[in-house]
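For reference, the chains in residue letters:
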Amino acid sequence: MMKVKMQRTLACILLFILIAVTAGCSSPASSPPEEEINGTGAAGEVDESDKEADTEAEATEATEVSPKAREIEQVLMGQLAPLPEFNNNEKIGVLIITLANPFWVSMKEGYEEAGAELGVDVTVMAAPTEGDTKSQLETLEAMVARDYDAIIASPIEPFNLVPGVVKANKKGIKVINLGPPISTEALEEEGGWLDGRITVNYEDQGAMAAEYIVEKLGPDGGKVAIIQGIPGAGQSEGRTLGAQRVFEEAPNVEIVSIQPGNWDRNTAYNIASNILQAHPDIKGIFCCNDVMALAAADALEAAGKREGVVILGVDFISEAHEAIKEGKLDGSIAYSVKIYTKAALILALKTIQGHDIPEEVFSPLALVSKENVAEFEGWE
Amino acid sequence: MEKSKDKIIKISAKNSLPQLLLIFVLLGMALFLSLASPFFLTWENLRNILDHSSLYIILALGMTFVIASGGIDLSVGAVAALSGVCMAVAMKGGLGVGASILIGLAVGAATGTLNGAVISFLKINPFIVTLGFMSLWRGLSLIITGGIPIYGFPRGFTWWGSGHIGPLNPPILLAALLGLFAAILLNMSRFGYYTLALGGNEEALRRSGVSIHLYKNLVYMLCGVTAALGGLVVTARLNTAEPLAGWMLELDSIAAVVLGGTSMNGGRGSIAGTLIACLLLGTLRNGLVILSIPSYYQQLLIGLIILLAVIFAEVRSRKKISGSKPNSR
């Protein structure tokens, strides 16, 4: 009896230590909760300047900003003039799709760096997985319960964040939609609205990639395939549509397969090998993101059929950058994460400070291929 | 015969200690979060937790019966999606809200009964059967919708997800009422008694002249209906029927049921435990967001807590069995 009791107490203590320790361990990674109770205390500022010092160190390491990046930044900042006041320490919460995808991890880093640069307190949260629409909404709702001045949200699909955005509207928190669209129609119906939207044109991304594939195939054309993301997701549908249009218009080019790869490396790998089985004479594969494009390249390589097939992805993640240099991947569609996230924060600041903003801001795009990959050295 | 029934009762004897411990952990966590963040202990946030937990509760209640009967149902997430899609298609086809909801619930009941029938009549392992149906229903939802969410329903329908009843909302009240109903059903009715007996000693139950097939089917049917109710809540809340709704929801609800003290081997089940476990997981998820802890840690922590709780419960029950009857095993 005594033993059982001892065990019970031990288990209790263990659980508590576990909760306390993990909470304690992980809070330095984000903003420690204690500081928030004391308001924006000295500790918070030290934290900020630390971050700034870090980014400065990184910046000196990679002083060479690619010429392409500079060009694109100027185009985008032109859309955002006049610029808001910086260093006011506004609190901006960011909800991204997932931290289990390298693209969104680089977006998170982009936000944090841009936040340090602009003097904004940025917290980035995410859904546990790319398909978990409900958890993402719950995360947004919990964020609304906090004291952010603005929230920048990228939804998994057009409708899943709608109730959370309405709650933010009611509480007076500005909402900026970045990337995949939140349905404004659905929002209106619930009495909600978006304070701003920044995005890339997904159809253009698909079209640009497809145009490159068509160009490479030459006048003889050939069979092509498209590997989509999650069916119904905005980026996936847009990119597919853009690519599909270009392929259909091109003479002698035939789309033999459009398959959902769910943004997943393994799924895309299997699809690519299946396509190859069914159509050994495949000439081009467009994948709706780089992770899947890399998987498709691997699958073809494993089958010994990589030669003569043009494979393009979208996002230009660093792994894709390396792969294009090595010739493993033929190309990708880039938009600078660094500029994109910075523009989103500036847009949020403008709404907080009461500026008028354009209804929709587009982040400029660039096609990266082995011909021009050298110009993208230092691209972020 | 009487003896075997006695034995069943003994095995299934309620023991509320693990549940008390869960409450203790829940309160401790709430206390910690209240101290750590000024945003935790606000009505807005607490209502969020209840709202978010309600879906888990609705699904986990049906799952409690299935697991207590010694089975498992991996298809609940897919059934939630399928029934939501069916409701949506019915409404878009011009049917009324009430009729559409009934159709959705009927779909849930039918899928549950199908699970039960294959498991009991063909005597196939429930894990495999429900795994198969999980994929089947998910595929069917994707086919019906063509992968594109169906959006925009009448107010009378969305009320089920985002309406207001006083300070609360329909999902919370639905979860509470279902919880009450399930507690009475499991602890006070013949159905509940047989459910536990199915998990405790199926052979003994069969020999005492009870129709195993009937009760197994009923248990899975109940689980199908709660899954459909979950589908109703999630579809109404998002005003969208998604073919991918309820993704991984089966694992969340199984985790909550086991955390609540229901035995994976069957024969022991606790509705109160399931309710508290759902609230505990809901509070944990919410607290981690409130503290701005990255999502990586959320999964890690939830996994750790479930493992610790299950290990604790298992060690305790082994001690008990070997302690009370040294020679019984």
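### A look at the overall build of chain A
- Secondary structure summary: chain A contains 14 helices and 12 strands in total.
- Out of the 380 residues in chain A, the part that is buried amounts to 57%.
- Within chain A, counting contacts between residues at least 6 apart in sequence, those at least 24 apart form 76% of the total.
- As displayed, chain A has an accessible area near 15500 Å², and 52% of this comes from carbon and sulfur atoms.

### A few points about the interface of chain B and chain A
- Between chain B and chain A, the residue contacts involve 52 residues of the former and 52 residues of the latter.
- Across the chain B/chain A interface, buried area totals approximately 4900 Å², and carbon plus sulfur atoms make up 66% of it.
- Looking only at chain B, the three residues that lose the most surface to chain A are F39, Y151 and S292 of chain B, adding up to 13% of its buried area.
- Taken together, the links from chain B to chain A amount to 2 salt bridges.
- The salt bridge partner of E44 of chain B is K171 of chain A, with a shortest N-O separation of 3.8 Å.
- Across the contact surface, chain B and chain A share 8 residue pairs in polar contact (both at pLDDT 80 or more).
- In terms of residue count, the dominant contributor to the side of chain B that touches chain A is helix α14 (residues 295-324) of chain B (14 residues).

### Topic: a nonpolar patch on the surface
Residues and elements named next belong to chain B.
- A cluster of nonpolar side chains, contributed by F121, L122, I124, F127, I128 and L131, occupies part of the molecular surface with about 570 Å² of accessible area.
- It is helix α6 (residues 126-145) that provides the largest number of residues to the nonpolar patch, a total of 3 residues.
- Structurally, the position occupied by L131 is in helix α6.
- L131 gets classed as partly exposed once you look at its relative accessible area, which sits at 35%.

### A word on the packing of helix α4 (residues 67-80) of chain A against helix α14 (residues 337-352) of chain A
Residue and element names in this part refer to chain A.
- Viewed as axis vectors pointing N to C, α4 and α14 meet at an angle of 15°, and their least axial separation amounts to 10 Å. Between α4 and α14, the crossing angle belongs to the class labelled roughly parallel. As α4 runs across α14, the sense of the crossing is right-handed. Across the interface between the two elements, A69, I72, E73, L76, M77 and L80 from α4 touch I339, K342, A343, I346, L347 and K350 from α14.
- Class assignment for the residues of the contact of α4 with α14 results in 9 nonpolar, no polar and 3 charged.

### Some points on the domain arrangement of chain A
Residues and elements named next belong to chain A.
- When its domains are assigned, chain A resolves into domain 1 (80-200 + 336-365) and domain 2 (202-334).
- Centre-to-centre, using C-alpha coordinates, domain 1 lies 29 Å away from domain 2.
- With 16 residues of domain 1 in contact, the opposing surface of domain 2 contributes 16 residues.
- A buried area of about 1100 Å², summed over both sides, lies between domain 1 and domain 2, and 64% of it is on carbon and sulfur atoms.
- Considering only the side of domain 1, the residues that lose the most area to domain 2 are F103, V200 and L365, jointly responsible for 44% of the buried surface there.

### Comments concerning the pairing of strand β10 (residues 331-334) of chain A
Residues and elements named next belong to chain A.
- Taking every second residue as pointing to the same face, both faces of β10 are buried, with G331 and I333 on one and S332 and A334 on the other.
- Examined bridge by bridge, strand β9 (residues 310-314) and β10 share 3 bridges and lie parallel to one another. Pairing of G313 across the sheet is with S332, part of β10.
- As a crossover connection, the stretch from β9 through helix α13 (residues 318-326) into β10 is right-handed.
- As judged from the 4 bridges shared by β10 and strand β12 (residues 366-369), these two strands associate in the antiparallel manner.

### A closer look at unusual backbone geometry
- At the junction of A81 of chain A and P82 of chain A, the peptide bond is cis and its omega measures out at -5° in the coordinates.
- Positioned with a positive phi, W263 of chain A is a non-glycine residue whose angle comes to about 65°.
- By secondary structure assignment, the location of W263 of chain A is in the loop between β7 (253-260) and α11 (265-278).
- When its relative accessible area of 9% is taken as the criterion, W263 of chain A is described as buried.
- Located in the positive-phi region is K123 of chain B, a residue other than glycine, with phi close to 50°.
- Within the element layout of this structure, K123 of chain B appears in the loop between α5 (97-121) and α6.
- Overall, the relative accessible area of 67% leaves K123 of chain B in the exposed class.

### Brief notes about helix α10 (residues 234-249) of chain A
Residue and element names in this part refer to chain A.
- With 16 residues, α10 ought to run about 22 Å at 1.5 Å a step, and its terminal C-alpha atoms sit 23 Å apart, in line with that.
- Where α10 is concerned, the buried positions are G234, Q235, S236, G238, R239, T240, G242, A243, V246 and F247.
- Of the surrounding elements, those touching the buried residues of α10 are β1 (91-98), α9 (202-217), β6 (222-228), β7, β8 (282-287) and β9.

### What about the packing of aromatic side chains?
Residue and element names in this part refer to chain B.
- Summed over the entire model, instances satisfying the criterion amount to 12 aromatic pairs over all chains.
- For the ring pair Y194 and Y215, a centre distance of 4.8 Å and an interplane angle of 75° mean the geometry is edge-to-face. Here the residue Y194 occupies a position in helix α9 (residues 190-200), and Y215 occupies one in helix α11 (residues 212-238), the gap between them amounting to 21 residues. Judged on exposure class, the residue Y194 and its partner Y215 are both buried.
- By way of ring pairs, the aromatic residues F65, F191, Y193, Y194 and Y215 are connected into one cluster.

Procedures and definitions
- Residues numbered from 1 in each chain as written.
- Chains lettered and ligands numbered in written order.
- Predicted model: local features only at pLDDT ≥ 70, side-chain atom pairs only at ≥ 80, totals over all residues.
- Heavy atoms only, no water.
- Helix = DSSP H or I, 4+ residues; strand = E, 2+ residues; numbered from the N terminus.
- Buried < 20%, exposed > 50% of the residue type's maximum accessible area, 1.4 Å probe, protein only.
- Contact = heavy atoms within 4.5 Å.
- Areas by Shrake-Rupley, 256 points an atom, 1.4 Å probe, with all protein chains shown as cover.
- Buried area = accessible area lost by both parts, 1.4 Å probe.
- Salt bridge = Lys/Arg side-chain N within 4 Å of Asp/Glu carboxyl O.
- Polar contact = N/O pair within 3.5 Å; in protein donor to acceptor, adjacent residues only side chain to side chain.
- Patch = residues over 30% accessible without salt bridge, like charges linked within 9 Å, V, L, I, M, F, W, Y side chains within 5 Å.
- Axes fitted to C-alpha atoms, helices over the stretch in contact; angles between N-to-C directions.
- Parallel < 35°, antiparallel > 145°, perpendicular 65-115°, else oblique.
- Left-handed = near helix turned anticlockwise from the far one by under 90°.
- Nonpolar A, V, L, I, M, F, W, Y, C, P; charged D, E, K, R; others polar.
- Domains from an automatic or database assignment.
- Pairing = 2+ DSSP bridges.
- Right-handed = clockwise from strand over helix to strand, strands pointing away.
- Expected span 1.5 Å × (residues − 1).
- Phe/Tyr/Trp six-rings, centres within 6.5 Å; stacked < 30°, edge-to-face > 60°.

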